[in-house]
Structure formats: structure tokens, C-alpha cells
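Per-entry structural report
So the chains spell out like this:
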Amino acid sequence: MATLKEEFNQNGFLLLRNYLDKEAVAGIYREAREIFAVQIQRATGRTVDIEDRDAFENAMFDFFEKDFTAFVNTGKTVQHAISLHRFALDEKIISLLKEVGIEKPVIGARPAMQFNSRFLSKDGSKHWKLDAHQDWRTGQGSLDSTVIWFPMVDAAAEIGALQVIPGSHTTGLLESSTSGYQGGITAALREDEFVQTEFQVGDVLIFSAFLVHQSGNNITRNIRWSVQLRYNNLAEPTFIERGYPMAYIYKPESELITPGFPTAQQLRDLYA
Ligand SMILES: O=C(O)CCC(=O)C(=O)O
């Protein structure tokens, strides 16, 4: 029987069933919805029950339409949720990385969360899903750079769980129209090479950053909430040799977002 590492090396991914702490996954999902609920209340005047999935998600769509800028900023804010970042450092995640050969894991990019729905895109654009790509192009880290992907809701084909091409991690870095998130691989790929993954909450996919994958098609009215964690291996010789390159650019806004804010009085009141 193949070890997890052998299977990972062979296929470029592992889908582990019932592996994650479901309470912790639920905690990230809850925190994200709580953050959105505050802004939904402000922007739409609606107080939403985060446990009422359809009502809450309809309120998300309403928020998206009513205040796109705040929606985008709130979407960025949930990426900074404490529960998400804590999860990325969990011992179980770190030992899984070590088990597939990431001897000295380091965070490759900030932990990320996605909430995919065609109702959260402008003008019918496909911005809510990612075309076929290899994550290595965005991260450019160690050769054995590895991604962890899991949904926070049960995710079968119809809600657009990830599609992967088994074994594609050894085909090299494929030509692509972009190194960012929109666009994708321009080299010829056969649609029938993609395998549709399916998940229950608690299942996790771990894959090589060279594995070709794409978003599935969410044809439901629900949002597909998911998490992506990216790691490099500090001990991987080409990563050391290349001087630990860092392709992610994280920088502050150059202009004040709210001109004239804050007044000194607001600060005196706060610290009174
Ligand atoms: O979750 C998705 O649909 C796409 C995520 C993905 O491909 C990625 O983060 O690299």
C-alpha cells in the first residue's frame, strides 16, 4: 500500500477525508459571516441571522449590489480573520505538510478565503471563478511549494468544488496569460483530463503548487465558502539558492481612504 507521500508524489495531490477539526472549520466560517453581517447591517439596514444560510447569502448579494467598495473591503478584511490565520499554523496542518515532504514549512502567502458565487460578480463576468492555473506562478517559491484547499460548506460538483488534473505537477510550468488571479494557462489542456473533487466539511485537499487545477462551476444559488493555505519549504535547495524569493507584494495605500479622518477630538474621546 502506497504511503501518503508516495501517493502525493505520484498524483500531485491527496484528498483526505474527515481530516480537519470541524469545529475549527466552522469557527472560520462563522467569523467570516460575522464580519460580513456588520457591514450588511450598515449598508443595507438588514440584520441577518448568519445561521440562516439562504437569507444570509441573499443579504450578501444585496450588500454586493448596494456598496461594492465596502463589499470588496469586507472581503479583504475576512482574509485577516484570526481564526483563519490560527488554522494555518495548526500543528495538524504543519505535520501534514511534513508528511508529504515539506521539511521546514514557511507561510508562502497570507491564508486566503474565497466566497464563490456568480451573484458576486459584476456584469456576468467570470471573476468569481479561476481558470486553469498552477499556483506556483503566483507564489514562485520552493519547488515543492504546497497548497491546502478545503471548503467550509459541503461542496460537491454543483457548488463548484475544485477540479484537478492528476499527475500534472510534473509537466513543468505551463504557459499562462497572467501571473495574477485572472486569466490562466494558455497551453492546450483537455477538459476530460480534469477530475472533479467533492467534499464534506472536514475533508481537505493538499496539492503541489504545480498541479493544474481550476474552479468548478457553481450552478447553485449558494456561496461556495473555501480556504486556501500556501506554504514553501525553507529547506528546499533551489529555494535557498534563489535567495528565498517573495513574489507577493503587500503594501499600504498611498492616499488617505477617508480624507479628514480622524479628528483629534475623536481620538481624545476614544482615550478619555
Ligand atoms: O477555490 C477555487 O475555486 C479556486 C482556488 C484556487 O484555484 C487557488 O486558490 O489556487
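Structural data are supplied above this passage.
A quick note: this is a predicted structure, and the numbers were derived from the prediction, not measured. (Residues numbered from 1 in each chain as written. Predicted model: local features only at pLDDT ≥ 70, side-chain atom pairs only at ≥ 80, totals over all residues. Heavy atoms only, no water.)

**Focus on the sheet that holds strand β3 (residues 146-151)**
Spatial ordering of the open sheet is given by β1-β6-β3-β8-β2, a layout of five strands whose pairing is antiparallel. Looking at which strands have only one partner, the edges of the open sheet turn out to be β1 (13-16) and β2 (105-116). Each strand of the sheet is rotated relative to its neighbour by a mean of 15 degrees, with strand direction disregarded. Alignment of β1 against strand β6 (residues 204-208), held across four bridges, turns out to be antiparallel. When the sheet's bridge partners are listed, F13 is paired in β6 with F207. (Pairing = 2+ DSSP bridges. Helix = DSSP H or I, 4+ residues; strand = E, 2+ residues; numbered from the N terminus. Axes fitted to C-alpha atoms, helices over the stretch in contact; angles between N-to-C directions.)

**Some remarks on the packing of aromatic side chains**
Taken as a whole, this structure holds 15 aromatic pairs when the rule is applied. Residues F64 and F71 carry aromatic rings whose centres are separated by 5.2 Å and whose planes lie at 90 degrees to one another, so their mutual orientation is edge-to-face. Exposure class is identical for F64 and F71. Each is buried. Directly above the aromatic system of Y19 lies the positively charged group of K92, at a separation of 4.3 Å from the ring centroid. For the cation-ring pair, R110 lies above Y250, with the distance from its terminal atom to the ring centre recorded as 3.9 Å. (Phe/Tyr/Trp six-rings, centres within 6.5 Å; stacked < 30°, edge-to-face > 60°. Buried < 20%, exposed > 50% of the residue type's maximum accessible area, 1.4 Å probe, protein only. Lys NZ or Arg CZ within 6 Å of the ring centre and 35° of its normal.)

**What to know about the sheet that holds strand β7 (residues 213-214)**
Spatially, the three strands line up as an open sheet ordered β5-β4-β7, and their pairing is antiparallel. The open sheet has two edge strands, β5 (195-196) and β7, and neither has a second partner. Two elements, strand β4 (residues 163-164) and β5, share two bridges in a ladder whose sense is antiparallel. Bridge pairing in β5 places V164 opposite V195.

**A few points about the site of the ligand**
Near the ligand lie 13 residues; those nearest to it are D135, W149, S215, R224 and R230. Between H133 and the ligand, the recorded distance is 3.0 Å, taken from a side-chain N or O atom to an oxygen atom. Between H213 and the ligand, the recorded distance is 2.9 Å, taken from a side-chain N or O atom to an oxygen atom. When contributions to the shell around the ligand are tallied by element, the ones reaching two or more residues are β2 and β8 (224-233). With four residues, the top contributor of residues to the shell around the ligand is β8. Class assignment for the residues of the shell around the ligand results in three nonpolar, seven polar and three charged. (Near = heavy atom within 4 Å. Polar contact = N/O pair within 3.5 Å; in protein donor to acceptor, adjacent residues only side chain to side chain. Nonpolar A, V, L, I, M, F, W, Y, C, P; charged D, E, K, R; others polar.)

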